[in-house]
Structure formats: C-alpha cells, structure tokens
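An overview of the molecular structure
The primary structure of each chain is shown beneath.
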Amino acid sequence: MAGAIASRMSFSSLKRKQPKTFTVRIATMDAEMEFSCEVKWKGKDLFDLVCRTLGLRETWFFGLQYTIKDTVAWLKMDKKVLDHDVPTEEPKTFHFLAKFYPENAEEELVQEITQHLFFLQVKKQILDEKIFCPPEASVLLASYAVQAKYGDYDPNVHKRGFLAQEELLPKRVINLYQMTPEMWEERITAWYAEHRGRARDEAEMEYLKIAQDLEMYGVNYFAIRNKKGTELLLGVDALGLHIYDPDNRLTPKISFPWNEIRNISYSDKEFTIKPLDKKIDVFKFNSSKLRVNKLILQLCIGNHDLFMRRRKADSLEVQQMKAQAREEKARKQMERQCLAREKQMREDAERTRDELERRLMQLKEEATMANEALMRSEETADLLAEKAQITEEEAKLLAQKAAEAEQEMQRIKATAIRTEEEKRLMEQKVLEAEMLALKMAEESERRAKEADQLKQDLQEARESERRAKQKLLEITSKSSYTQSMNSSTTALPTDLPSYNLISESLSFDFKDTDMKRLSMEIEKEKVEYMERSKHLQEQLNELKTEIEALKLKERETALDILHNENSSRGNSKHNTIKKVS
C-alpha cells in the first residue's frame, strides 16, 4: 500500500513538472509551419526556432508580424510571446516577413534562402499594388519570375497558353491597355526567351535588382499630421525618413537620410526628428495612435542600425557567410558548366545520329529507285530481244517469199505464150510479179534494218543494265558503311564524362588561381551588366512605345500620371531623394 501511494505521488509530481505549452502557426511566403512553444518563451526563442527550421542565418532582415486592432505589429525579441497583444485562441498565427530591406540586394543578400524570401515578398507586393511598378517594368519582372519558376525557355514545352493560369502582372497594368492575355503572354515570353542559362537564384536576384529601384520599394508609409495639422505621409526605408503628400507616394517633399539625423524620439503621439545640422529646424509630427509611434520608432532604430552597419567592415560571421556563398556559387557554376558541356555533347551526338539516319533513309530510297530502274531495264531488254527475234524471222520469211517470187517470174518468162492475149496477160502477170518482188525486197530490207536497230537497242539496254547494277553495288556498299557508322554513334559515347552531383563524388579545390579567375569573371560580369542595363533600358523604352498606342488614358491612376511626369523630367528614386534631402 505504501509503495502504491509513493508511486502515485511520484507520477503526479512528474505531471506537475511538465512545462505548459501553446501552439503557434508561422506563415512564410510559400509555406506554413506549426510549433509547440513553452509559455515562458520570449519572442527571440520563437524567432530563432523559425530561423533554424528555415536554415536562415541573415536574421537581421526579418521579423514575426501579427495584426492587432487593424494595426501591424512585430513580435519583440526580449518580451514573452504571450505578453504581446495576441489573440487568445490557438494556434496563434504570426507571419515571418522581411521587416527591413537592403539598399543593394546583390551585395547584401548572401544566402539563397534570403534572396528567395525577399523575391516572393516583393513580387507579392508588386502584384498587390503595394509597390507601384510601371507597365514596361512589370513585363520585364514577369519574365524573370517565369524564368525562376520554369527554367530555360523551350518552345517545344512552353507552348502558347502555358502562362494562362499564372498571376504575373498587376491588375492595374492589365486594365490600362486594350491587350488580350495572349498579347501579354507573347511579350513576356519574348523576354523570357532571352534569360536562357540563368538559374533560379540568378533570375530572382535580377528581379530584386530591378525592383529595388522602384520608388515605393521597401518603404513603410504612415499617416501623420504636422504642427499645422496638415495631413502628410511618413515613409521609413533603408535610406532614411521621407515626407510625402498623401496623394503622391512616389516623390517625397523632403527627406532625412539616416546619416543626417541626430535623434528621433516620441512623447505620447508626438514624434520628433532632430537633424544633425543644428541650423535646420526640428521636424515634429503627430500620429493617430501611440502603437503607431512605437512601430515607427522600431523601424527607425532597425533601419538606422543597418544603415550604419553597411558602412562598416563586415563582421566575421558575414565574412564567413560571403566566403561560403562565393564558394557555393563557384561550385554551382562549375556544375552548370559541366552539365552544359555534357548536354551539348549529347545534343551533338543526337544531331549526328539523326543526320546519319536521314542519310541512310536517303540511300535506301536511292537503292530502291535503282532496283526499280534495273528491273525496268531488264524487262525492256527482254522485250527488245524477243521483238528482234520475231523481226529476224519475218525478214527470213520475206526473203524466202521473194526468192520464190523470183523463181516464179523466171518460170513464167521461160514459158512460151503463143497468143497475143496470153502474151498480154503474161506480161501483166510478169509486171505484177515484178512489182510484188520489188515490194517484198523493200520490205525485207526494212525488216533487216529494223532488226539491226533492235540489236543496237538491246545492246544499249544491256549497257544500262550493267550501269544500274554497278550503281546498286555502290549504294549497297555506302549503306553498309552508314549502318556501321550509325551503330557506332546512335548510342552516346561511353567515354563521355559523367558528372554526379552527389557531394561524395564531387570535390573542388579552390586555390588562389581559382579565386583570382573568379574575381576577373566578376569584374567582367560588372562590365557586362552595365552593357545589359543600357540594352535593358532600350528594350523597356521600345516596349513602352509599342504598347503606348493601346493605352486607355482614362484608366490611368494618379500614380501612373505622377510616374510619367517624373520620367519625363528624368527623375529617378535616388536622384529625387538627393534633391529633397
């Protein structure tokens, strides 16, 4: 009894010691995950768990977002998860999103998973029209999105209508032009075909490099009022703070770069920006909610820290990540080159095989035609030989009849005709006999000539038969040679290199010469990129001109009009910020 009581007490104490948990659902841009979290967990514990699960090391760009009372909020790292104003029901949902954006995606985003998450988030913002994108740039971005999803363009696979179910362009762009889905697909595919050879991560990076130059990229907008009560918009991004008119989110009225801001603070709903230059007036504004002020301050602190961090030497962790990324990129580049070489060799072998098969079929057709010609020649020779024999027999018969007629004529002449009537009759018969003999002689001569001609035709037919047999012999010898060649090339060469992508079978030594060569290639890529940028701008202008005639002016939005005005003045995102700073 005492033992049973002790065991029950031990079991109940173990039950009490088990930590209490709650369920959390994390939604990324392309997946959902659920975790069981302890009640005592802070925001950092959950955030680190998500990052480890994703294999993400560039954690400073991201955060866990949730919505409270129609206001966006971010999970604080040093505060317990359950102490936040999150809904009580489970699972508690958070969105794993980019909270801060890089100034230069190509230089700052190292990991492929980081690039992919940014690509998905920016693409969604463009399609949802949270980032304004002009029509011609929308088509170009869509072509890179297609390259990232489908790989290289293949006209045999990617046939007309293969993009029918894809969401690639903002609805605003589609409604702005009198163009069918097929016309849009044709223009997207034309650029998609030019991206051949780009891997998924390269296509996504090209997408981000174009998107980061859009005016609304990476900007968080907040409704504010200045001291006079004028309604304005505050924009917070990687470059600094920007003040906009509510109707113009593209061009700021004034900007405060992070390196020119001395202090940012708020008291209740009043927010204060103190410039570094004390001669410039302090800028104060009010927001609608205290919660919004807290969010603005969070974004300011985070963006300012990253701004200063970019202008310092990389930390050891970032240096290691970049080195690993360079090695990984070089390894993948080598693998792609090896695969491309092998693919090219296979395609060459297949083309050779197809050519030999085509040649073999051609030789077979020629052999068939030669056989048919030979058979016709043999039949013609047989007919001519038979006809010559018949003609020769007829000539002999006519000669015999002519001889008999001659004998008859001599016999008649030798016969004595006594009466004049008999003489006249006999003369008439003699004349007729002579004429008959003459005709028979002419016919015999004609038949003899015909026999000679037939003999000559027979000789020519036999000569044609000999030549046909000779040609057939030549074709037969060529055909056997082609078949031997075909059998040796139909199967791909066994000595072709086989590139196994399993890590155990592939190893690369990155020596100094390799890295120097890689550096030279990177410099070459920079020069090529400048040339491509010029070509790209020309293409964008060409497409803009091409579709301009199909534009419905009455459907232009205010942002379309503002963008066109900025473009006509030659204003871009960066030079506009420099002007108003």
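Residues numbered from 1 in each chain as written. Predicted model: local features only at pLDDT ≥ 70, side-chain atom pairs only at ≥ 80, totals over all residues. Heavy atoms only, no water.

Remarks on the overall build of the protein chain
Secondary structure assignment for the protein chain yields 14 helices and twelve strands. Within the protein chain, buried positions represent 38% of all 581 residues. For the protein chain, the share of sequence-separated contacts (at least 6 apart) that also reach a separation of at least 24 residues comes to 66%. (Helix = DSSP H or I, 4+ residues; strand = E, 2+ residues; numbered from the N terminus. Buried < 20%, exposed > 50% of the residue type's maximum accessible area, 1.4 Å probe, protein only. Contact = heavy atoms within 4.5 Å.)

Regarding a positive patch on the surface
There is a patch of like positive charges on the surface, built from Lys227, Lys228, Arg262, Lys274, Lys278 and Lys284. Within the secondary structure layout, Lys284 lies in strand E12 (residues 283-287). (Patch = residues over 30% accessible without salt bridge, like charges linked within 9 Å, V, L, I, M, F, W, Y side chains within 5 Å. Areas by Shrake-Rupley, 256 points an atom, 1.4 Å probe, with all protein chains shown as cover. Salt bridge = Lys/Arg side-chain N within 4 Å of Asp/Glu carboxyl O. Lys, Arg positive; Asp, Glu negative; His and termini not counted. Charge placed at Lys NZ, Arg CZ, Asp CG, Glu CD.)

A closer look at the UniProt feature "binding site: a 1,2-diacyl-sn-glycero-3-phospho-(1D-myo-inositol)" (unreviewed entry) in the protein chain
UniProt annotation of "binding site: a 1,2-diacyl-sn-glycero-3-phospho-(1D-myo-inositol)" (unreviewed entry) refers to Lys76, Met77, Asp78, Lys79 and Lys294 when read in the numbering used here. For Lys76, the position within the fold is in the loop between strand E4 (71-74) and strand E5 (92-98). The class of Lys76 is partly exposed, set by a relative accessible area of 34%. Those residues in contact with Lys76 that lie beyond four places of it in its chain are Gly43, His84 and Gln298. Judged by its relative accessible area of 62%, Asp78 is exposed. (UniProt positions renumbered as here; feature names shortened; annotations may be inferred.)

Overview of the confidence of the model for the protein chain
When pLDDT is averaged across the protein chain, the result is 81; 84% of the residues are at 70 or more. Least confident of the elements in the protein chain is helix H1 (residues 2-17), whose mean pLDDT is 48; most confident is helix H4 (residues 112-127), at 95. Here residues 1-15 is a poorly scored stretch, pLDDT under 50, and it has zero contacts once near neighbours within four places are set aside; other chains count. (pLDDT = per-residue confidence, 0-100.)

Considering the sheet that holds strand E10 (residues 261-267)
As summarised here, the arrangement of the seven strands in space is E9-E8-E7-E6-E12-E11-E10, forming an open sheet in which the pairing is antiparallel. The sheet is open, and its two borders are formed by strand E9 (254-257) and E10, each paired with just one other strand. Strand-to-strand twist across the sheet, computed as the mean angle between neighbouring axes with direction ignored, equals 30°. As paired elements, E10 and strand E11 (residues 270-275) share six bridges and run antiparallel to each other. Bridge pairing links Tyr266 to Phe271 in E11. Against the sheet, helix H9 (residues 290-310) makes contact with strand E6 (220-226), strand E7 (231-236), strand E8 (240-244), E10, E11 and E12, and its axis sits at roughly 160° relative to E10, the strand it touches most. (Pairing = 2+ DSSP bridges. Axes fitted to C-alpha atoms, helices over the stretch in contact; angles between N-to-C directions.)

Looking at the side chain of His158
With respect to the helices and strands, His158 occurs in the loop between helix H5 (135-150) and helix H6 (171-176). Those residues within four positions of His158 in sequence are excluded, and the remaining contacts are Tyr150, Asp152, Tyr153 and Tyr192.

Overview of the packing of H4 against helix H8 (residues 200-211)
It is at 9 Å that the axes of H4 and H8 come closest, and there the two elements cross at 50°. In terms of orientation, H4 lies oblique with respect to H8. Judged by the sense of rotation from one axis to the other, the crossing of H4 with H8 is left-handed. Taken together, the residues of H8 that come into contact with H4 (itself represented by Glu112, Gln115, His116, Phe118, Phe119, Val122, Lys123 and Ile126) are Arg200, Asp201, Glu204, Met205, Tyr207, Leu208 and Ala211. Among the residues forming the contact of H4 with H8, the class breakdown is eight nonpolar, two polar and five charged. (Parallel < 35°, antiparallel > 145°, perpendicular 65-115°, else oblique. Left-handed = near helix turned anticlockwise from the far one by under 90°. Nonpolar A, V, L, I, M, F, W, Y, C, P; charged D, E, K, R; others polar.)

With respect to the sheet that holds E4
In spatial order, the strands read E2-E1-E5-E3-E4; together these five strands make up an open sheet with mixed pairing. The sheet is open, and its two borders are formed by strand E2 (32-38) and E4, each paired with just one other strand. Across the sheet, the mean angle separating the axes of adjacent strands is 35° when strand polarity is ignored. In the sheet, strand E1 (residues 21-27) pairs with E2 via seven bridges, with the strands oriented antiparallel. Its bridge partner being in E2, Ile26 is matched across the sheet by Met33. This element, H4, spans strand E3 (62-68) and E5 of the sheet and lies at about 105° to E5.

Details of the nonpolar core
The biggest cluster of nonpolar side chains holds 105 residues, and the ones touching the most others in it are Ile26, Leu46, Phe94, Phe96 and Leu241. In terms of residue count, the dominant contributor to this core is H5 (nine residues). For Phe96, the residues in contact, after removing those within four places along its chain, are Ile26, Ala27, Thr28, Phe47, Val50, Cys51, Leu54, Leu56, Phe62, Gly63, Leu64 and Leu117. (Core = buried A, V, L, I, M, F, W, Y, C linked by side-chain atoms within 4.5 Å.)

Looking at helix H7 (residues 181-192)
End to end, H7 covers 16 Å across twelve residues, agreeing with the expected 16 Å (1.5 Å per residue, within 8%). Within the sequence span of H7, burial applies to Trp184, Glu185, Arg187, Ile188, Thr189, Trp191 and Tyr192. (Expected span 1.5 Å × (residues − 1).)

A short note on the packing of H5 against H8
Remark: H5 packs on H8, axes separated minimally by 8 Å, with the N-to-C direction vectors making an angle of 160°. Judged by the angle between their axes, H5 and H8 are roughly antiparallel. Seen along the crossing, H5 lies across H8 with a hand that is left-handed. Residues Leu140, Leu141, Tyr144, Ala145, Gln147 and Ala148 of H5 lie in contact with H8, whose contacting residues are Arg200, Ala203, Glu204, Glu206, Tyr207, Ile210 and Ala211.

Let's talk about the pattern of salt bridges
Per the stated rule, a full pass over the model turns up 26 salt bridges. Ionic pairing is found between Lys40 and Glu38, a salt bridge with its closest N-O pair at 3.9 Å. Judged by relative accessible area, Lys40 falls into the exposed class, the value being 57%. Note that Asp245 is salt-bridged to Lys253, the shortest N-O span being 3.8 Å. Exposure remark for Asp245: the relative accessible area of 33% places this residue in the partly exposed category. A single salt-bridge network, built from bridges that share partners, covers Glu103, Glu108, Arg310 and Arg311.

Some remarks on the environment of Ala193
Looking at the secondary structure, you find Ala193 in the loop between H7 and H8. Once the C-alpha coordinates of Ala193 and Asp152 are considered, the two residues, 41 residues apart in sequence, prove to be 7.3 Å apart.

Thoughts on the environment of Tyr177
With respect to the helices, strands and loops of the structure, Tyr177 is situated in the loop between H6 and H7. The exposure class of Tyr177 is buried, given its relative accessible area of 4%. Residues Tyr177 and Lys551 lie 374 residues apart in sequence; the distance between their C-alpha atoms is 4.4 Å. Sequence-distant contacts of Tyr177, defined by excluding residues within four places in its chain, comprise Pro135, Trp184, Ile547, Leu550 and Lys551.

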